[in-house]
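# Examination of the molecular architecture
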Amino acid sequence: MTPWLVAVAQAALLALAAPLVVGVTRAVPARLAGRAGGRIAQPWRDLCKQLRKQPTSPADASMFFVAAPAVMMATSLIVAATGPFIAATSLFGGADLIVVVGLLLLGTVALALAGLDTGTAFGGMGASRAMVIAALVEPTLLLAVFALSFRVGSTDLSRIVAAGATEPARVFTPASLLAAAALAIATLAETGRIPVDNPATHLELTMVHEAMVLEYSGRDLALVEWAAALRLSILLGLLANLFAPWGVATSLDPMWLAVGAAVFIGKVCGLAALLSAGEVWTAKLRLFRVPELLAGSFFLGLLAVLASAILA
Amino acid sequence: MSGRASGVGVGLIRKIRSAGRVAEPAGDRGERLPQAAGLAGSVQVRHVDAGSCNGCEIEIGQAFSPVYDIERYGVRLVASPRHADVLTVTGPVTVNMASALRKAYEAMPEPRLVVAIGDCAKDCGVFAGGHGVAGPVSDVVPVDAQVPGCPPEPDAIVAALRGLTGR
Ligand code: SF4
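Computed from a predicted structure; not experimentally measured. (Residues numbered from 1 in each chain as written. Chains lettered and ligands numbered in written order. Predicted model: local features only at pLDDT ≥ 70, side-chain atom pairs only at ≥ 80, totals over all residues. Heavy atoms only, no water.)

### A word on the pattern of salt bridges
Inspection of every chain in the model, using the stated rule, returns eleven salt bridges over all chains. A:Arg231 is paired through a salt bridge with A:Glu190; the nearest N and O atoms lie 2.7 Å apart. Residue A:Arg231 is found in helix H10 (residues 218–243), and its partner A:Glu190 is found in helix H8 (residues 175–190); the two are separated by 41 residues along the sequence. Residue A:Arg231 is classed as buried on the basis of its relative accessible area of 6%. Between B:Arg82 and A:Glu215 there is a salt bridge, with its nearest N and O atoms 2.8 Å apart. With one member in each of two chains, B:Arg82 in the loop between strand S2 (75–77) and strand S3 (86–90) and A:Glu215 in the loop between helix H9 (209–213) and H10 form a pair that bridges those chains. We note that B:Arg82, like A:Glu215, is buried. (Salt bridge = Lys/Arg side-chain N within 4 Å of Asp/Glu carboxyl O. Helix = DSSP H or I, 4+ residues; strand = E, 2+ residues; numbered from the N terminus. Buried < 20%, exposed > 50% of the residue type's maximum accessible area, 1.4 Å probe, protein only.)

### Looking at the packing of aromatic side chains
Within a pair of aromatic rings, the relevant descriptors are the distance that separates the centres and the angle that separates the planes. All names here are of chain A. Taken as a whole and assessed by the stated rule, the structure comprises four aromatic pairs over all chains. Judged by centre distance (5.3 Å) and plane angle (70 degrees), the ring pair of tryptophan 44 and tryptophan 226 falls under edge-to-face. Of the two residues, tryptophan 44 sits in helix H2 (residues 42–52) while tryptophan 226 sits in helix H10, which places them 182 residues apart along the sequence. Of the residues examined, tryptophan 44 reaches a relative accessible area of 18% and is grouped as buried. (Phe/Tyr/Trp six-rings, centres within 6.5 Å; stacked < 30°, edge-to-face > 60°.)

### So, the pairing of S3(B)
Residue and element names in this part refer to chain B. Across the five residues of S3, five count as buried, placing the element largely inside the fold. Bridge count between strand S1 (residues 43–49) and S3: five bridges; the pairing is parallel. Within S3, the residue paired with valine 45 across the bridge is valine 86. Alignment of S3 against strand S5 (residues 113–117), held across five bridges, turns out to be parallel. Bridging across to S5, valine 86 finds its partner in leucine 113. (Pairing = 2+ DSSP bridges.)

### Description of the site of the ligand
In the region of the ligand, the neighbouring residues are B:Ser52, B:Cys53, B:Gly55, B:Cys56, B:Gly118, B:Asp119, B:Cys120, B:Val126, B:Gly149, B:Cys150 and B:Pro151. Listed by contribution, the elements that provide at least two residues to the shell around the ligand are helix H2 (55–63) and helix H4 (119–123) of chain B. (Near = heavy atom within 4 Å.)

### Some words on the nonpolar core
Core analysis: the biggest nonpolar cluster contains 81 residues, and A:Ile133, A:Leu157, A:Leu183, A:Tyr216, A:Ile234, A:Leu242 and A:Phe243 have the highest contact counts within it. If one sorts the elements of this core by residue count, H10(A) sits on top with 15 residues. Apart from the residues lying within four places of it in its own chain, the contact partners of A:Ile133 are A:Ala189, A:Val196, A:Val208, A:Val290 and A:Leu294. Grouped together as the second largest cluster of nonpolar side chains are 21 residues, B:Val43, B:Phe64, B:Ile70 and B:Val147 included. (Core = buried A, V, L, I, M, F, W, Y, C linked by side-chain atoms within 4.5 Å. Contact = heavy atoms within 4.5 Å.)

### Some details on the side chain of A:Ser217
Within the secondary structure layout, A:Ser217 lies in the loop between H9 and H10. The exposure class of A:Ser217 is buried, given its relative accessible area of 0%. Polar side-chain contacts of A:Ser217 include one of 2.7 Å to the side chain of A:Thr56. When residues no more than four places from it in sequence are discounted, the contact partners of A:Ser217 are A:Gln54, A:Pro55, A:Thr56, B:Arg82 and B:Pro109. (Polar contact = N/O pair within 3.5 Å; in protein donor to acceptor, adjacent residues only side chain to side chain.)

### Some thoughts on the side chain of B:Thr165
All names here are of chain B. When you line up the elements, threonine 165 lands in helix H5 (residues 154–165). Classification of threonine 165 as buried rests on a relative accessible area of 3%. Separated by 3.3 Å, the side chain of threonine 165 and the backbone oxygen of tyrosine 73 make a polar contact. Setting aside its immediate chain neighbours within four residues, threonine 165 contacts Arg32, Gly41, Val43, Tyr73, Gly74 and Val75.

### Things to note about the packing of helix H5 (residues 121–152) of chain A against H10(A)
Residue and element names in this part refer to chain A. Following both chains from N to C, one finds H5 and H10 inclined at 20 degrees, their axes separated by 11 Å at the closest point. In terms of axis orientation, H5 runs roughly parallel to H10. In the crossing of H5 with H10, the sense of the turn from one axis to the other is left-handed. Taken together, the residues of H10 that come into contact with H5 (itself represented by Leu141, Ala144, Val145 and Leu148) are Leu235, Leu242 and Phe243. Here the residues of the contact of H5 with H10 sort into seven nonpolar, no polar and no charged. (Axes fitted to C-alpha atoms, helices over the stretch in contact; angles between N-to-C directions. Parallel < 35°, antiparallel > 145°, perpendicular 65-115°, else oblique. Left-handed = near helix turned anticlockwise from the far one by under 90°. Nonpolar A, V, L, I, M, F, W, Y, C, P; charged D, E, K, R; others polar.)

### Concerning the environment of B:Asn96
All names here are of chain B. Along the chain, the position of asparagine 96 falls in helix H3 (residues 95–107). Residue classification places asparagine 96 among the exposed positions, given a relative accessible area of 68%. The spacing of asparagine 96 and valine 133 is 37 residues in sequence and 8.8 Å in space, taken between C-alpha atoms.

### Some thoughts on the interface of chain B and chain A
With 36 residues of chain B in contact, the opposing surface of chain A contributes 32 residues. At the boundary of chain B with chain A, total buried surface from both sides reaches about 2,700 Å², with 48% on carbon and sulfur atoms. Summed over the shared surface of chain B and chain A, the number is five salt bridges. The residue B:Asp85 makes a salt bridge to A:Lys49 at a minimum N-O spacing of 2.5 Å. For the pair chain B and chain A, the interface holds 22 residue pairs in polar contact (both at pLDDT 80 or more). (Buried area = accessible area lost by both parts, 1.4 Å probe.)

### Re the confidence of the model for chain A
Taken as a whole, chain A shows an average pLDDT of 92; of its residues, 98% reach a score of 70 or greater. Within chain A, the element-level pLDDT minimum falls on helix H7 (residues 168–171) of chain A, averaging 88, and the maximum on H10(A), averaging 96. (pLDDT = per-residue confidence, 0-100.)

### Some thoughts on the sheet that holds S1(B)
In a beta sheet, neighbouring strands pair by backbone hydrogen bonds and run either parallel or antiparallel. Residues and elements named next belong to chain B. The strand order across the open sheet formed by five strands is S2-S1-S3-S5-S7, and the pairing between neighbours is parallel. Two strands bound the open sheet, and with one partner strand each, they are S2 and strand S7 (145–147). The mean angle between the axes of side-by-side strands here comes to 30 degrees, regardless of whether they run parallel or antiparallel.

### As for a nonpolar patch on the surface
Residues and elements named next belong to chain A. Taken together, the side chains of Met63, Phe64, Val109, Leu113, Leu116 and Met131 present a nonpolar region at the surface, about 530 Å² in accessible area. Elements that contribute at least two residues to the nonpolar patch include exactly helix H3 (63–82) and helix H4 (97–117). Here the element with the most residues in the nonpolar patch is H4; it accounts for three residues. One can find valine 109 in helix H4. (Patch = residues over 30% accessible without salt bridge, like charges linked within 9 Å, V, L, I, M, F, W, Y side chains within 5 Å. Areas by Shrake-Rupley, 256 points an atom, 1.4 Å probe, with all protein chains shown as cover.)

Have a look at this one:
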């Protein structure tokens, strides 16, 4: 199979599976609360219905509001296509760590600008909170992965994952655990989960992501939600594949690619279930405590980098 | 983790296991609304209290609780009328809430439906003739379905909303 086909298949797989992963994160806490809960495919039903509805636009909104859903979706799809999810072959150099973090940040900034663009009080509030969180999270994302790239000698994510799968003793040190913890906290913050943001909240004053999308409707809302689901799958997939790279296809043989896809879906669904079950035990942090949590994760990442540099 | 915190964690596990499933088996589905056919099993609800005594809100809260668990039929409460397909309205519409209700309705993308919950929403109920009352919900926005009762039982609310999702 050619690398292009693999990239398209990877993006399609992630785009199709992402709403189901969100369904898992809703079904697990529902079961734990004694509910029957919605179906796992319910987010897909919601998306299909929203895609058929007419979007509305606030009177004062400009092109930022219109463009943000497309920018979010496009950046997420590029990362989904090039990242080391089912196959880790560095045939195209698109999956560089710095590019991936930059693309994710581009989507975050586009949505924050759209939140400001609506001219509502909640949109601006959500945007400023999202920027505070992004400014603290992005360095942690970089640092946590640097701890691995130090050992591999490359910031190409595919190469790090491939090295981890073939010669784990060279890549992983005890310090990798610190890096994994830092990346996990950064993932929680970046995808707007408890304890940083509550995806199920109806209280505008506590919202971060939701506050920015309050004005979206119909097709635009569907794109924003779909892209947000895709980002959750991407970050969980990166976390899983960087620190547990087993099962990733390291060649373009169709059989291995199929195995890689199945293992990847299993890993992401497992992580999603773990994440949402953990949310049952935790409460959302007060907003002013969030920087402390994120600074802590940054520190973990820094320690991991120092340790792996010294041990190298 | 301190002793007390881990105690809370273990206690919660025990509680989850002893409670098991609290959702009750479903009753009958309400009448299928033809206007809702396009929603295909997914209904996002925005609630507006146009002047109710809050009795109806307590029952709506119950419909979304683990026991009645309306979310299993594809109904979800959302935070913005822009995200909603269905507006649930309770209470007689008071003079001060009439324009707010109209604005919330106009902020919804098409197609949009309105469900009037409770006797007050239908014909002002016990508040009929009150000096601050503008009229029933149907005087302000077009109503697609009614749930009678003062307050209506959660089962009735669940049945009416299931008539919209068709599940
Ligand atoms: S119908 Fe009854 S419970 Fe509902 S708002 Fe009116 S008086 Fe209150």
